[in-house]
Amino acid sequence: MLAFQSGISALRANQAALHTVANNIANANTPGYHRQQIRLTDKQGFASGNLLLGAGVNADSIHRAFNRVVEESKLENRSTLSS
């Protein structure tokens, strides 16, 4: 039964990752859009005799990939072009 739960958690995490990639592709040309990344974390495993068994993975959070230097440069270039 544990193997099924571990497999299901992997499928759910990968589904969330695919959704995030699809969102990034759909919004690639949207002005001001920042690429999103998903963070995966492992579930707490447990020991069974001499073996350490994993319990799967969670899609922990989704965050924006934001680079302050790039954004400031873009703003500066827009200001220069406007004047």
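Residues numbered from 1 in each chain as written. Predicted model: local features only at pLDDT ≥ 70, side-chain atom pairs only at ≥ 80, totals over all residues. Heavy atoms only, no water.

Caption draft 1: Spotlight on the side chain of Thr-20. Relative to the helices and strands, Thr-20 resides in helix α1 (residues 2-26). Thr-20 gets classed as buried once you look at its relative accessible area, which sits at 4%. Ignoring anything within four residues of it in the chain, the contact list for Thr-20 reads Gln-36, Gln-37, Ile-38 and Ile-62. (Helix = DSSP H or I, 4+ residues; strand = E, 2+ residues; numbered from the N terminus. Buried < 20%, exposed > 50% of the residue type's maximum accessible area, 1.4 Å probe, protein only. Contact = heavy atoms within 4.5 Å.)

Caption draft 2: Representation of a nonpolar patch on the surface within the structure. Together, Phe-46, Leu-51 and Leu-53 line one region of the surface with nonpolar side chains, adding up to about 260 Å² of accessible area. For Leu-51, the position within the fold is in strand β3 (residues 51-53). A relative accessible area of 55% means that Leu-51 is categorised as exposed. (Patch = residues over 30% accessible without salt bridge, like charges linked within 9 Å, V, L, I, M, F, W, Y side chains within 5 Å. Areas by Shrake-Rupley, 256 points an atom, 1.4 Å probe, with all protein chains shown as cover. Salt bridge = Lys/Arg side-chain N within 4 Å of Asp/Glu carboxyl O.)

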